[in-house]
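Structural features, examined
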Amino acid sequence: MQLLNRWLTCLTLSFCLLTGFITTESALGSSTAGSVQAAPLPTPLVAYLPPGNAITDGRALLRYSLPIDNQDIRAVQEQLEGLSEWLRSKRWSPIKRDITKINRLLGRRRQAILEDIPEDRQALASEYLDDIRAGLEPMLAAADERDRESIWIKRAELLSKIGAIEEMMVTEFPYEVPEEYRDLPQLKGRATIAFETTKGDITAVIDGYTAPVTGGNFVDLVQRGFYDGMPFIRAEDNYVLQTGDPDGPEVGFVDPDTGEYRAVPLEILVKGDDAPIYGATLEELGRYLEDPVLPFSAYGVMGMARPESDVNGGSSQFFFFLFEPELTPAGLNLLDGRYTVFGSVVDGKEVLQNLGQGDRILSAEVVDGLENLVEPQMT
């Protein structure tokens, strides 16, 4: 009965998500963030279970979302990422088999990996590849000893180096942002944000490769000190933690240079597309079965809140997605394709778990990647 109740809760939450629950309407006078109002359901409505397991780690999502096409480094990454499944079930033979496979891949395909890296970065990439191969031996020894914790730690270390190699492969921004958004800040790459909150420190990576306009808007607001002292206005257990509602009657950021509300469009990059979709949900476009490059599948993913009635009305309010596998199983997460994902928490998830309504962001600072922020091109 308890499992059934939780399943029904999941369906109820899914319905709330579908009818526009995550909005900025609370800033218009309601004490609860985003009232659920009767709204026509999109047609057709399809619930489905996609193949494979959802990626539930923010760092992994960010690695997979990098715009690269080197299949050899991806194969190494996938094998390392996949060890998590065997570690959870304590299946030691598959762990040793896959570690051995990674070692072979690195030996045979090393040059093919390095060929996709600019010459001035190849020496460092080569050093990282050596470090990865050297790190596999202690992992095999730990598997023989059934030391799961040591393998988890070493796996995270090696995946960090894999991510660094993959980032070296990105030599230019992969597409042009539509000209109509040139009056908004853009993030042509990634930036790291350090949050100090009333419960501790959080680090997040903002991804401009999948959401350059939303990411640029957010990094610009951080630079302005907009979020310093900002309270969390909504906290739902196993759901979302929302902030970004400034004092006063506005529901977003009013640019002091223009005196106008800065609105950012809905921005979703779909797997297989060359550039993001702007201004429409995937449901509205009949693409409800397709997957965003950055989905709402990991604890601490960051999404942009918006008014229920305006997909292009987001501004400053955003939310951390509090992923809970029992309440948001793969295929029932109806946020995907309806809200922009623009980053993810990579450190401090335990702090995020303890934050609630009334807590505050004491400060937010760009600690890396500020050079990727492109200021608006004013006409």
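Our structure's up above, just so we're on the same page.
Quick summary incoming for the structure in this document. (Residues numbered from 1 in each chain as written. Predicted model: local features only at pLDDT ≥ 70, side-chain atom pairs only at ≥ 80, totals over all residues. Heavy atoms only, no water.)

What follows deals with the overall build of the chain. Within the chain, the regular secondary structure consists of nine helices and 14 strands. Restricting the contact set of the chain to residue pairs at least 6 apart, pairs at least 24 apart contribute 73%. Accessible area of the chain: about 17,700 Å², with a carbon and sulfur share of 47%. (Helix = DSSP H or I, 4+ residues; strand = E, 2+ residues; numbered from the N terminus. Contact = heavy atoms within 4.5 Å. Areas by Shrake-Rupley, 256 points an atom, 1.4 Å probe, with all protein chains shown as cover.)

Moving on, we come to the side chain of threonine 197. Inspection of the secondary structure assignment puts threonine 197 in strand β2 (residues 190–197). There is a polar contact of 3.1 Å between the side chain of threonine 197 and the backbone nitrogen of lysine 199. Ignoring sequence-local partners within four residues, the contact set of threonine 197 consists of Ile202, Val351, Leu355, Arg360, Ile361 and Leu362. (Polar contact = N/O pair within 3.5 Å; in protein donor to acceptor, adjacent residues only side chain to side chain.)

A few words now on the pairing of strand β3 (residues 200–207). Relative to β3, β2 runs antiparallel, the two sharing eight bridges. Bridge pairing links arginine 190 to aspartate 207 in β3. Counted between consecutive antiparallel strands, the loop separating β2 from β3 contains two residues. With four bridges joining them, β3 and strand β12 (residues 341–347) adopt antiparallel strand pairing. By the bridge assignment, threonine 203 is partnered in β12 with aspartate 347. (Pairing = 2+ DSSP bridges.)

Let's shift gears to the nonpolar core. In this structure, Phe195 and Phe218 are the most contacted members of the largest nonpolar core, which totals 88 residues. For this core, the element with the highest residue contribution is helix α6 (residues 122–144), accounting for eight residues. Contacts of phenylalanine 218, omitting those with residues within four sequence positions, involve Ile193, Phe195, Ile206, Tyr227, Met302, Phe318 and Phe342. Residues Ile268, Ile277, Leu282 and Val311 belong to the second largest nonpolar core, which totals six residues. (Core = buried A, V, L, I, M, F, W, Y, C linked by side-chain atoms within 4.5 Å. Buried < 20%, exposed > 50% of the residue type's maximum accessible area, 1.4 Å probe, protein only.)

As a packed pair, α6 and helix α7 (residues 148–168) sit with axes 10 Å apart at the nearest point and diverge in direction by 160 degrees. Judged by the angle between their axes, α6 and α7 are roughly antiparallel. The crossing of α6 and α7 is left-handed. Where α6 abuts α7, its residues Leu124, Ala125, Tyr128, Leu129, Asp131, Ile132, Gly135, Leu136, Pro138, Met139, Ala142 and Ala143 lie against Ser150, Ile151, Lys154, Arg155, Leu158, Lys161, Ile162, Ala164, Ile165 and Met168. (Axes fitted to C-alpha atoms, helices over the stretch in contact; angles between N-to-C directions. Parallel < 35°, antiparallel > 145°, perpendicular 65-115°, else oblique. Left-handed = near helix turned anticlockwise from the far one by under 90°.)

Another point: the pairing of β12. Of all seven residues making up β12, six are buried, and the element is well covered by its neighbours. Direction of pairing for strand β10 (residues 301–304) relative to β12: antiparallel, over a ladder of three bridges. Each bridged residue has a counterpart across the sheet, and for glycine 303 the counterpart in β12 is valine 341.

Turning next to empty space enclosed by the protein. Enumeration according to the criterion identifies two cavities of 30 Å³ or more in this entry. Considered class by class, the residues forming the lining of the largest cavity number eight nonpolar, three polar and two charged. Looking at side-chain class alone, the lining of the second largest cavity contains seven nonpolar, three polar and one charged residues. (1 Å grid on protein atoms, 1.4 Å probe; cavity = no way out; pocket = protein on both sides within 12 Å on 5 of 7 lines; lining within 4 Å. Points joined across faces, edges and corners; volume = space filled by probe spheres on them. Nonpolar A, V, L, I, M, F, W, Y, C, P; charged D, E, K, R; others polar.)

Quick look at the environment of phenylalanine 296 now. Topologically, phenylalanine 296 is positioned in the loop between β9 (277–278) and β10. Given a relative accessible area of 2%, phenylalanine 296 falls into the buried group. Measuring from C-alpha to C-alpha, the distance between phenylalanine 296 and isoleucine 55 comes to 9.4 Å, with 241 residues separating the pair along the chain.

It is worth spelling out the sheet that holds strand β11 (residues 318–321) at this point. Strand pairing in a sheet relies on backbone hydrogen bonds. The paired strands run either parallel or antiparallel. Taken in spatial order, the eight strands of this closed barrel run β2-β3-β12-β10-β11-β5-β4-β13, and their pairing is antiparallel. Averaged over all pairs of adjacent strands, the angle between their axes in this sheet comes to 35 degrees, without regard to strand direction.

Glancing now at the pattern of salt bridges. All told, the structure shown has 20 salt bridges when counted by the stated rule. Two residues, arginine 190 and glutamate 167, come together in a salt bridge whose shortest N-O distance is 4.0 Å. Of this pair, arginine 190 sits in strand β2 while glutamate 167 sits in helix α7; the two residues are 23 residues apart in sequence, bridging distant segments of the chain. Under the relative-accessibility criterion, arginine 190 is labelled buried at 13%. According to the relative accessible area criterion, glutamate 167 is partly exposed, its value standing at 44%. Salt bridges linked by common partners bring Arg63, Glu81 and Arg155 together as one network. (Salt bridge = Lys/Arg side-chain N within 4 Å of Asp/Glu carboxyl O.)

Next up on the list: helix α8 (residues 212–223). With 12 residues, α8 extends 16 Å between its outermost C-alpha atoms, agreeing within 8% with the 16 Å of an ideal straight helix rising 1.5 Å per residue. Across the 12 residues of α8, 11 count as buried, placing the element largely inside the fold. Buried within α8 are the following residues: Pro212, Val213, Thr214, Gly215, Gly216, Asn217, Phe218, Val219, Asp220, Leu221 and Val222. Once α8 finishes, glycine 225 follows within two positions and takes phi at roughly 80 degrees, a positive value. (Expected span 1.5 Å × (residues − 1).)

This part takes up helix α3 (residues 71–89). When the terminal C-alpha atoms of α3 are compared, their 28 Å separation across 19 residues agrees well with the 27 Å that a helix rising 1.5 Å per residue should span. Buried residues of α3: Asp72, Ile73, Arg74, Val76, Gln77, Gln79, Leu80, Glu81, Leu83, Ser84, Trp86 and Leu87, and no others. On the buried face of α3, the contacting elements are α2 (58–64), α4 (92–108), α5 (110–114), α6 and α7. Capping the start of α3 is the job of one residue whose side-chain oxygen sits 3.1 Å from the backbone nitrogen of aspartate 72: asparagine 70. Among the residues trailing α3, lysine 90 stands out with phi positive, at a value near 55 degrees.

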